[in-house]
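# Observations on the model geometry
Below, each chain spelled out in residue letters.
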Amino acid sequence: MEKLNNILVFTCASFAAGIWQAGLYNWNISILTALAILLLLTAVWRVNTNCHRVFWPLIGLFFIAGMIYYTQDRIVRTDDISHYIGQAVAVEGTVDAVPEVIETEPQNWQVRYVVRVEKVKADHLESFVQASGKVRISAQYKEQKFKPAAYGDKIAVNGKVLELHGYNNPGQIDMTAAFKRQNITARMSAQGQTIKIITVDNTYSWRVALANWQQGIVNALQKVMPVNDAAILTTVLFGGYQGINKNVIDDFATTGLIHILSVSGAHIALVAGLIRWLGSRLGLGSLATITLAALVVVLYAVISGLTPPVIRSAVMGLISLMAVVLGRENYAPAALSITALGMLVYQPLLLYDISFQLSFGATAGLVFLYQRTLNWMSRLPSWLAGPLAVTVSAQLGVLPLIAWYFNNFPIISVVANIIVLPIVELVIILGLAGVVIYTAVPGIGNIVFVISSLLIGFVMMCTALLASLPYSSAYIPSVGLTGSAGYYLMLAWVYGWRPFHMRGPRQLFEQCPRLCALTAILVVGVIVVYTWYPRPLAVHFIDVGQGDATLVVTPHGKAVLVDTGGSFGGSNFDIGERVVAPYLKHYGVTAVDYLILTHGHQDHAGGAAGVAGDIRIIKVMLAREEYSQAVQALLHIKPAVAIIPVYTGQTFQLDDVLFSVDHAVGDGEASSQAASGNEVSSVIRVSYGQHSFLLTGDLEAQGEAAMLAQGVLPCTVLKVGHHGSKTSSTAPFLQAISPRFAVISVGYGNRFGHPHPETLKRLAEIKTLIYRTDRQGAIVFKSDGKNIEVDTYLNNN
């Protein structure tokens, strides 16, 4: 049994490693196929010659198979809609998912369609041609009464095909890849009235019926309980975070209970466990109980919408139930490996999905670590040891993932899982029971919903209290792939993995105490030296779309943030909270010494409040202008923060890095306190050794002329003004500063046409090397004062 577990675990791991390797480099499919055939023949030959050493050829075969599957999966059909990116086209296709309807403003609606493309006509074509793939269409409706297309309807839409594009920063969840896993390869925007319904699908659709039934349940919940309680119960039953107060989500995240707000393996296990308990109490046989549990798991998965995470959890639950029927509970590692392997064979890109990673990481922690962890806690009361062992095992399984994506470890989660989690589980059970009862007898179902609401209120009170405690969570740095591999190897060694007859921790401490002590001192010394040893100056140009955000990290870790980006068009997506703050944490920045806002425009200051909500801000430097709504929001979040008005000639120094204000609005100038806009944009220079960075905000020609009149020094790197607008970066200004590198912080496919061709031409004429966040994602310059190097998140030019 142990041998089978090991073989399946290693084959699954090698298949995943092959997918990862193929994602790093392009490989020739013919060479990979030849290698696979060679390894297969080697394995067969060894089996036929009674040679038992077939393990490594088998591992190699699965590694190559992973590479082949990933390489094949990346191949795009020649008629795919993505080949029309950048072109204005007419598209005909079928709505392939239940449309998502969102009220953005009163009487303004956004409907998101996923359309399976069937025909397309580009401007250069005389007629429609066959096409494939799926396109995500965002449609705006402003009518008081409108009827969007429904699932199954065939529609026609005209517009420009755009590339899928997200925020390309390390540690950021890749939504573009998530769309591609659903075969969505492009996007379009349109006004609702321009979408024509060609044919209405009147056939029965279980997806539409399920969506309507779910909406009916949501409406019933909202009638008998507060909106926030209804949103939470909807989330634990059907998934998604729509309608939940942001503070509640933050509290659940801080207490380590955020996973309970989405349908996951924990929900499936809870339902299966409840049915097994009921079966034992009712005296049902083992086979009947397991069969009933399997049926309920399938029903729950269908009710939840059969989303990919739910399907994965349900499959794992069914395999676990099958193992119980066969009396092979110890085959849990094999069941986990088979499930993971099957999912990756079906969709290799799942390896990069955060839900997949966290789900299987936590499950693997429970499978491999739980029993030994429980044994170590044998002196604790059983009511405490069990939940504590579950929490510790699951958290150990996903710790590097939490560090990479969130940089936050919920210390209080141990307490929360003991006190709050049982109540949340009761809410889930009551919610499911209420849904079933309400479908048959609405009056009794409403009573169950009210009881659930009371428990939800108590849960929110507990999570808010626990989250407010000092040191309820702790920052943990990202360790990267190498660090993660080292962590898991160390964890495996501590938990009993002993290859090559290695000694365990206890044996090592008992037999070599001096060596262990010396090693511990050496490790601590290395960490201390690494922490205090000066590093190169790092200047990060963060990808915030159509906006600016520049992070400067000094040799000893002091941080200065110049602008924070921001969202347009009334979007509730907080770039400061969702993009900039996670980026800072990813690079170990937990406090910002200076936050400098060049001016108050939304695309430069809109994310400031979100950043200040997650990151400690010590001082804020502001342009002398009338405070915009974005700046007012920042001051509301941080009313006691030190505010410094900017003046031309101001300087401050951190770790031998000089920060100076090369240009700011003066008291006597026309654009003073009463004015606001690009004309009041401050210009910040960052100097270190032989190199300097000029951050110009949205400075335009008038401001550049003022700087030329005062005299401006050359720079190594120019952050191009106003996102590459033709009204900035004039030829005389560029000649005067003669930058070696230029960075344009700009959003992909923005409606302003930035960067303008005239600006690019002027930069090319002075032979400046251009980097763009819309093409290369986050851009990082590093310098020791003499040498300078640049690294981009995306390698394309």
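Everything here concerns the structure above.
Residues numbered from 1 in each chain as written. Predicted model: local features only at pLDDT ≥ 70, side-chain atom pairs only at ≥ 80, totals over all residues. Heavy atoms only, no water.

Before going further, it helps to spend a moment on the overall build of the protein chain. Tallying secondary structure elements over the protein chain gives 27 helices and 25 strands in all. The C-alpha atoms of the protein chain give a radius of gyration of 29 Å, which matches the 28 Å a tight globule of 797 residues would have. Seen through its principal axes, the protein chain has C-alpha atoms that stretch 90 × 80 × 60 Å. Of all 797 residues assigned to the protein chain, the portion counted as buried reaches 47%. Nonlocal contacts in the protein chain, meaning residues at least 24 apart in sequence, comprise 69% of its contacts between residues at least 6 apart. Element-wise, carbon and sulfur atoms account for 61% of the exposed surface of the protein chain, whose accessible area totals about 39,500 Å². (Helix = DSSP H or I, 4+ residues; strand = E, 2+ residues; numbered from the N terminus. Rg over C-alpha atoms; globule rule 2.2 N^0.38 Å. Buried < 20%, exposed > 50% of the residue type's maximum accessible area, 1.4 Å probe, protein only. Contact = heavy atoms within 4.5 Å. Areas by Shrake-Rupley, 256 points an atom, 1.4 Å probe, with all protein chains shown as cover.)

Bringing the packing of helix α5 (residues 206-224) against helix α6 (residues 227-238) into the picture now. Packing of α5 against α6 brings their axes to within 9 Å, and their N-to-C directions diverge by 150°. When the interaxial angle is binned, α5 and α6 end up roughly antiparallel. Pair α5 / α6 crosses with right-handed handedness. Residues Trp-213, Gln-214, Ile-217, Val-218, Leu-221 and Gln-222 of α5 form the contact with α6, whose participating residues are Ala-230, Leu-233, Thr-234 and Phe-238. Tallied by class, the residues present in the contact of α5 with α6 amount to seven nonpolar, three polar and no charged. (Axes fitted to C-alpha atoms, helices over the stretch in contact; angles between N-to-C directions. Parallel < 35°, antiparallel > 145°, perpendicular 65-115°, else oblique. Left-handed = near helix turned anticlockwise from the far one by under 90°. Nonpolar A, V, L, I, M, F, W, Y, C, P; charged D, E, K, R; others polar.)

Among the residues of helix α23 (residues 629-637), those classed as buried are Ala-630, Val-631 and Leu-634. The buried residues of α23 occupy an angular sector of 100° when the element is viewed end-on, so they sit on one face. Opposite the packed face of α23, turned more than 90 degrees from it, sit the exposed residues Gln-629 and His-636. Buried residues in α23 make contact with β14 (591-597), α21 (602-605), α22 (608-614) and β15 (616-622). (Arc of directions from axis to C-beta.)

Bringing the nonpolar core into the picture now. Core analysis: the largest hydrophobic core is formed by 43 residues, its most contacted members being Leu-221, Ile-232, Leu-233, Leu-237, Phe-252, Ile-260 and Val-420. Of all the secondary structure elements, the ones that give two or more residues to this core are α5, α6, α7 (246-254), α8 (265-282), α9 (286-303), α10 (308-325), α15 (421-440) and α16 (442-468). In this view, Leu-221 contacts Ala-230, Leu-233, Thr-234 and Phe-449; residues no more than four positions away in its chain are not counted. Formed by 32 residues, the second largest nonpolar core is a distinct cluster that contains Leu-551, Ala-559, Val-589 and Ala-630. (Core = buried A, V, L, I, M, F, W, Y, C linked by side-chain atoms within 4.5 Å.)

On to the environment of Leu-299. In this fold, Leu-299 is placed in helix α9. C-alpha of Leu-299 to C-alpha of Ser-14: the two residues are 285 residues apart in sequence and 34 Å apart in space.

This part is about the sheet that holds strand β25 (residues 788-792). Taken together, the eight strands give an open sheet; going across it, the order is β16-β15-β14-β13-β12-β11-β24-β25, and neighbouring strands pair in mixed fashion. Looking at the sheet topology across the chains shown, the edges are occupied by β16 (642-645) and β25. In this sheet, adjacent strand axes meet at a mean angle of 20° when their direction is disregarded. Along the sheet, α23 makes contact with β14, β15 and β16, crossing β14 at roughly 155°. (Pairing = 2+ DSSP bridges.)

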